[in-house]
Amino acid sequence: MMTKTIKSAPVLPLNTILGGDCIAAMKSLPDQSIDLIFADPPYNLQLKGDLHRPDNSRVDAVDDAWDQFSGFEAYDHFTRQWLAEARRLLKPNGAIWVIGSYHNVFRLGAELQNQGYWILNDVVWRKSNPMPNFRGKRLTNAHETLIWASRSEAAKYTFNYEALKSLNEGIQMRSDWVLPICTGHERLKDEAGDKAHPTQKPESLLHRVLLGTTNPGDVVLDPFFGTGTTGAVAKMLGRDFIGIEREAAYREVAEKRLAKVRRYDRDALMVSTSKRAEPRVPFGQLVERGMLRPGEVLTSLNGQKTAKVRADGTLVADDVRGSIHQVGAHLEGAPSCNGWTYWCFRRDGKSVPIDLLRQQIRAEMRDG
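It should be emphasised that the depicted structure is a prediction, and the values quoted were computed from it without experimental measurement.

## Notes on the overall build of the protein chain
Move 1: For the protein chain, the helix and strand inventory stands at 12 helices and 14 strands.
Move 2: In the protein chain, which comprises 368 residues, the proportion classed as buried is 43%.
Move 3: In the protein chain, the proportion of contacts linking residues at least 24 apart, taken out of those at least 6 apart, comes to 68%.
Move 4: Carbon together with sulfur atoms contributes 50% to the accessible area of the protein chain, which is approximately 20400 Å² in total.

## Observations regarding the packing of aromatic side chains
Move 1: For the coordinates displayed, the defined rule picks out 10 aromatic pairs.
Move 2: Between Phe159 and Tyr161, the aromatic rings sit 6.1 Å apart at their centres with planes inclined by 65 degrees, giving edge-to-face as the arrangement.
Move 3: Since its relative accessible area comes to 40%, Phe159 is described here as partly exposed.
Move 4: Centroid distance Phe283 to Trp340: 6.1 Å. Interplanar angle 65 degrees. Geometry classified as edge-to-face. Of this pair, Phe283 sits in helix α9 (residues 283–288) while Trp340 sits in helix α11 (residues 339–342), and the two are 57 residues apart along the sequence.

## Side note on the pairing of strand β9 (residues 297–300)
Move 1: Where β9 and strand β10 (residues 306–309) come together, three bridges link them in antiparallel fashion. From the neighbouring strand, Val297 faces β10, where its bridge partner is Lys308.
Move 2: Here β9 hands over to β10 after five residues, with Gly303 in that stretch at a positive phi of 80 degrees.
Move 3: Two strands pair when backbone bridges link them, and β9 and strand β13 (residues 343–347) are joined in this way by two bridges, in the antiparallel orientation. Paired with Ser300 across the bridge in β13 is Trp343.

## Notes on the side chain of Arg358
Move 1: Structurally, Arg358 can be placed in helix α12 (residues 355–367).
Move 2: By relative accessible area, Arg358 is classed as buried at 14%.
Move 3: Filtering out sequence-adjacent residues up to four positions away, Arg358 remains in contact with Val281 and Trp340.

## Digging into the side chain of Thr214
Move 1: Along the polypeptide, Thr214 turns up in the loop between α5 (203–213) and β7 (219–222).
Move 2: Given the relative accessible area of 0%, Thr214 is considered buried.
Move 3: Those residues in contact with Thr214 that sit more than four places away from it in its chain are Leu36, Thr158, Asn160, Val220 and Arg239.

## Considerations on the sheet that holds β13
Move 1: The strand order β12-β11-β10-β9-β13-β14 describes an open sheet built from six strands, whose pairing is antiparallel. If you trace the sheet from one side to the other, it starts and ends with β12 (320–322) and β14 (350–353), each paired once. Across the sheet, the mean angle separating the axes of adjacent strands is 35 degrees when strand polarity is ignored.
Move 2: As paired elements, strand β11 (residues 315–317) and β12 share three bridges and run antiparallel to each other. Residue pairing across strands places Leu315 opposite Gly322, the latter belonging to β12.
Move 3: In the packing of helix α10 (residues 324–332) onto the sheet, contacts are made with β10, β11, β12 and β13, and the angle to β12 comes to roughly 150 degrees.

## Topic: the confidence of the model for the protein chain
Move 1: Mean pLDDT over the protein chain works out to 86, with 87% of the residues at or above the 70 mark.
Move 2: Throughout residues 1–8 the model reports pLDDT below 50, and contacts reaching past four residues in sequence, or to other chains, amount to zero contacts.
Move 3: Per-residue pLDDT stays below 50 along residues 47–62; that stretch engages in 25 contacts with residues further than four places along the chain or on separate chains.

## As for helix α7 (residues 248–259)
Move 1: Over its 12 residues, α7 extends 17 Å from the first C-alpha to the last, a length consistent with the 16 Å expected when each residue adds 1.5 Å.
Move 2: Tyr250, Ala254, Arg257 and Leu258 are the residues of α7 that are buried. The buried residues of α7 occupy an angular sector of 95 degrees when the element is viewed end-on, so they sit on one face. Set apart from the buried face of α7 by more than 90 degrees, the exposed residues are Ala249 and Ala259.
Move 3: Close packing links the buried residues of α7 with β1 (16–19), α5, α6 (229–236) and β8 (240–245).

Rules behind the numbers
Residues numbered from 1 in each chain as written. Predicted model: local features only at pLDDT ≥ 70, side-chain atom pairs only at ≥ 80, totals over all residues. Heavy atoms only, no water. Helix = DSSP H or I, 4+ residues; strand = E, 2+ residues; numbered from the N terminus. Buried < 20%, exposed > 50% of the residue type's maximum accessible area, 1.4 Å probe, protein only. Contact = heavy atoms within 4.5 Å. Areas by Shrake-Rupley, 256 points an atom, 1.4 Å probe, with all protein chains shown as cover. Phe/Tyr/Trp six-rings, centres within 6.5 Å; stacked < 30°, edge-to-face > 60°. Pairing = 2+ DSSP bridges. Axes fitted to C-alpha atoms, helices over the stretch in contact; angles between N-to-C directions. pLDDT = per-residue confidence, 0-100. Expected span 1.5 Å × (residues − 1). Arc of directions from axis to C-beta.

Here it is in structure tokens:
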């Protein structure tokens, strides 16, 4: 019988910043190796001359070489190339976030759809402290738009719905996010005291993105890494990151920043999940493992009803036999009953809900 030698896939450069052109760097990474991409590509602002405030001071706008394109055709060509590489790198159930302004976000959205990505949401980041429109000839540009898309229509992308709901004080997270721009202590400066990067994104924005659409241990790629906000938040939240940045000055700032970041402890990284997402634990498993014994008597939460545990994980009470849910519903004359919260057992003279034993098993499953 012939044997075939299987070449091992390249090792991912986790928690590393890659230098050079983003497309060339992406080509060096293996297929379907990334869980999530967060991309903040050049805006292609096409500024005409300097911008000044009413007091004639110059505005520190985006006029760097990396944002210069000869026209829309050149920008669209660049967008097609990096988005194609991004889709190759994403795992089948991976997803991408792109962020942009009115200058480029519509072109990004069209190309995402052209390449087969499936748009899930567009999110309006409404800046609570936007820069005013100094010329007074247009509306104040007070928002940027994020597009969240899965790799394909059929992808089972990550969405931590309950975690985002908890982050929003128990209310379903909406697609309009009011967050401040990066200022104060968070704004990184160079040795001259100037902004290290003109469009540094706030950590609050990346916290929401990564908390809601990745899990601990996921690999997050940022092909336009800048000063490393994506990497800093990923590291804190227990995700792995890969950054790509062609500008050496930005890489240097990002490396210093990341060296100071510490990961949150394991308990702090746990987030709220849907009850449906929890692993199923049959009541019979509690009996099998000796956590409850056949013949042991369970009592209803109000202390008025009792039932006996049987060896097969069912209960018996008077004239009824069945599951913890069926027996509870029968005794209460109700159409249904959650037996996990209805029944209690006695330990050390105290009444303890059986759901405590189920949570103990689930914790073992997670730790294992």
